[in-house]
Amino acid sequence: MDLIQFQKLFKKEPKYRLGQAKKALFQDLIQNWQTAKVLPLSLREELNKECSIEISEKTFISKDKNTVKALLTLEDGLKVETVLMRHKDKRNTVCVSSQVGCPLDCSFCATGKMGFKRSLEAWEIVEQVLFFARYLKKIKERITNIVFMGMGEPFLNYQNVIEAIKILNDKEGFNLGARHFSISTVGIVEGIEELAKEKLQINLAISLHAPNDELRSKLMPINKKYPIKKILNAIDDYIEKTRRRVMFEYIMIRDLNDSEEEAKTLARLMKKPLYFVNLISYNPTGIFKPSLSSRIKKFKEILEKEGVAVTQRYRFGEDIEAACGQLVAKPR
Ligand code: SF4
């Protein structure tokens, strides 16, 4: 949908009409403007013609039914993947993409390997959420969390990501509380600085994955531009301004970044208030192998012993290639 066109159409309408349209779209979760009976027929027809809300998709459901991946086709024919994770405690998290492909080419990531096509418009991000909101409505459930951890680097598409969050946070619209959004970045310092200035209480996560620059640059070429010290300085400023916790994600790759020595080096970096580490078992994308669970356990113990706050993330959707670093929007 063209958001500018959408605003334009409502300029000539009485003020309350926009509220009615937002309610129909984001709360009643209509799939076609025709069903928004509260709006006059002529407006519905115009909306259908110029601001279509139909979503072209193909879904894949994991064997345990806890993960659903959707492949959405955008207006220009490009495809983007988005994933729903249904947690045992009734939370429903949607992992959204911010770009088609990714220019950063991290060595452990399948998205990086598909190259970069373009950044998504704000509406194309919102659409991913709407798709799963409609999906969940059928089983009387709701989205509780949105994470920007899908395809692409969110801070390379900063304006559209923030605009999408504001649309989804809008009380008149989707009305998801700011604290239920998380952005995961490789550490684009300008993005961290900008986010610190926003009056939005969203969560920030840094994809760290290595405790030193030498290894991190091998895994993530962007580290040459934004080395660890530079990122951590930006994070310290961010924490000072926002007083919010920051999560550091660490993918555990067998015999690459999971030694006891590396755990100790990581602990030295992470032993700060409001820092916490999330250990994630690597999802095989054909390049590396995941760490053994005994190794992850030991790694976690070392961090804990050093006084670092640490959690371990459950792995979702491996059988449908919906896990971290596996989104590639293959045409199927
Ligand atoms: S891990 Fe993230 S930043 Fe790195 S290539 Fe994949 S999508 Fe891009």
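Quick caveat, the model's predicted, so the values are computed rather than measured.

A. Local environment of the site of the ligand. The ligand sits among Cys 102, Leu 104, Asp 105, Cys 106, Phe 108, Cys 109, Thr 111, Gly 112, Gly 152 and Val 186. Partitioning the shell around the ligand into residue classes produces six nonpolar, three polar and one charged.

B. Representation of the environment of Gln 31. With respect to the helices and strands, Gln 31 occurs in the loop between helix 2 (16-27) and helix 3 (41-50). As for Gln 31 and Ser 184, which are separated by 153 residues in sequence, their C-alpha atoms are 30 Å apart. Discounting chain neighbours no more than four positions away, the residues touching Gln 31 are Ile 53, Glu 54 and Arg 134.

C. Main features of the pairing of strand 11 (residues 275-281). For strand 11, the tally of buried residues reaches seven of seven residues, placing the bulk of the element in the interior. Residue alternation in strand 11 divides its side chains into two sets, Tyr 275, Val 277, Leu 279 and Ser 281 and Phe 276, Asn 278 and Ile 280, and both sets are buried. Relative to strand 11, strand 10 (residues 246-252) is paired through seven bridges, and the arrangement is parallel. Note on strand 11: the bridge partner recorded for Phe 248 is Val 277. Viewed along the sheet, the connection from strand 10 through helix 10 (residues 260-270) into strand 11 turns out right-handed. Inspection of the sheet shows strand 11 paired to strand 12 (residues 310-313) by four bridges, in the parallel sense. Bridge pairing in strand 12 places Ile 280 opposite Arg 313. A crossover connection joins strand 11 to the parallel strand 12 through helix 11 (residues 293-305); in handedness this β-α-β unit is right-handed.

D. Structural context of the sheet that holds strand 2 (residues 67-73). Reading across the sheet, the ten strands line up as 1-2-3-4-7-8-9-10-11-12 and stay open at both edges, with mixed pairing between neighbours. The open sheet is flanked by strand 1 (56-61) and strand 12, the only strands paired with a single partner. Strand-to-strand twist across the sheet, computed as the mean angle between neighbouring axes with direction ignored, equals 25°. Along the sheet, helix 6 (residues 158-169) makes contact with strand 7 (145-148) and strand 8 (181-185), crossing strand 8 at roughly 170°. The sheet contacts of helix 10 involve strand 10 and strand 11, and relative to strand 11 the element is tilted by about 150°.

E. Local environment of a negative patch on the surface. On the surface, Asp 2, Glu 50, Glu 75, Glu 121 and Glu 163 cluster together into a negatively charged patch. As for its position among the elements, Glu 163 is in helix 6.

F. The arrangement of the layout of surface pockets in detail. Approximately 400 Å³ is the volume found for the second largest pocket. Lining of the second largest pocket is provided by 19 residues; of these, Met 1, Asp 2, Glu 75, Trp 123 and Glu 124 occupy positions nearest its centre. Of all elements in the fold, only helix 1 (3-11), strand 2, helix 5 (122-137) and helix 6 reach the threshold of two or more residues within the lining of the second largest pocket. Here the lining of the second largest pocket takes four residues from helix 5, the largest share from any one element. Among the residues making up the lining of the second largest pocket, the classes are represented as eight nonpolar, four polar and seven charged.

G. Structural view of the nonpolar core. Trp 33 and Ile 235 are the most contacted members of the largest nonpolar core, which has 106 residues in total. Ranked by the residues each element gives to this core, the list is headed by helix 5, at ten residues. Once residues lying within four places of it in the same chain are set aside, the contact partners of Trp 33 are Met 1, Phe 6, Ala 21, Leu 25, Leu 39, Arg 44, Leu 47, Asn 48, Cys 51 and Ile 53. In terms of nonpolar packing, the next biggest core, distinct from the first, is built from eight residues, Val 83, Val 147, Ala 205 and Met 247 among them.

H. Spotlight on helix 5. Taking 1.5 Å of rise per residue, the 16 residues of helix 5 would be expected to cover 22 Å, and the 23 Å separating its terminal C-alpha atoms lies within 8% of that figure. Across the 16 residues that make up helix 5, a large majority, 14, are buried.

I. View of the packing of aromatic side chains. For the structure shown, the criterion picks out eight aromatic pairs. With 6.0 Å between their ring centres and 85° between their planes, Phe 132 and Tyr 135 make a pair best called edge-to-face. Here Phe 132 and its partner Tyr 135 are both found in helix 5, three residues apart, which amounts to about one turn of the helix. Ring geometry for Tyr 282 against Phe 288: centres 6.1 Å apart, planes inclined by 65°, an arrangement best described as edge-to-face. A residue is classified by how much of its surface remains accessible, and Tyr 282, at 2% relative accessible area, is buried. An aromatic cluster of three or more residues is present, and its members are Phe 6, Phe 10 and Trp 33. A cation sits over an aromatic face here: Arg 245 above Phe 276, 4.1 Å from the ring centre.

J. Structural context of the pairing of strand 4 (residues 92-95). The side-chain alternation of strand 4 yields two buried faces, one formed by Asn 92 and Val 94 and the other by Thr 93 and Cys 95. Linking strand 3 (residues 79-86) back to strand 4 in an antiparallel pair, the connection comprises five residues, with Lys 90 at a positive phi of about 80°. As paired elements, strand 4 and strand 7 share three bridges and run parallel to each other. For Thr 93, the partnering residue across the bridge sits in strand 7 and is Asn 145.

The rules behind each value
- Residues numbered from 1 in each chain as written.
- Predicted model: local features only at pLDDT ≥ 70, side-chain atom pairs only at ≥ 80, totals over all residues.
- Heavy atoms only, no water.
- Near = heavy atom within 4 Å.
- Nonpolar A, V, L, I, M, F, W, Y, C, P; charged D, E, K, R; others polar.
- Helix = DSSP H or I, 4+ residues; strand = E, 2+ residues; numbered from the N terminus.
- Contact = heavy atoms within 4.5 Å.
- Buried < 20%, exposed > 50% of the residue type's maximum accessible area, 1.4 Å probe, protein only.
- Pairing = 2+ DSSP bridges.
- Right-handed = clockwise from strand over helix to strand, strands pointing away.
- Axes fitted to C-alpha atoms, helices over the stretch in contact; angles between N-to-C directions.
- Patch = residues over 30% accessible without salt bridge, like charges linked within 9 Å, V, L, I, M, F, W, Y side chains within 5 Å.
- Areas by Shrake-Rupley, 256 points an atom, 1.4 Å probe, with all protein chains shown as cover.
- Salt bridge = Lys/Arg side-chain N within 4 Å of Asp/Glu carboxyl O.
- Lys, Arg positive; Asp, Glu negative; His and termini not counted.
- Charge placed at Lys NZ, Arg CZ, Asp CG, Glu CD.
- 1 Å grid on protein atoms, 1.4 Å probe; cavity = no way out; pocket = protein on both sides within 12 Å on 5 of 7 lines; lining within 4 Å.
- Points joined across faces, edges and corners; volume = space filled by probe spheres on them.
- Core = buried A, V, L, I, M, F, W, Y, C linked by side-chain atoms within 4.5 Å.
- Expected span 1.5 Å × (residues − 1).
- Phe/Tyr/Trp six-rings, centres within 6.5 Å; stacked < 30°, edge-to-face > 60°.
- Lys NZ or Arg CZ within 6 Å of the ring centre and 35° of its normal.

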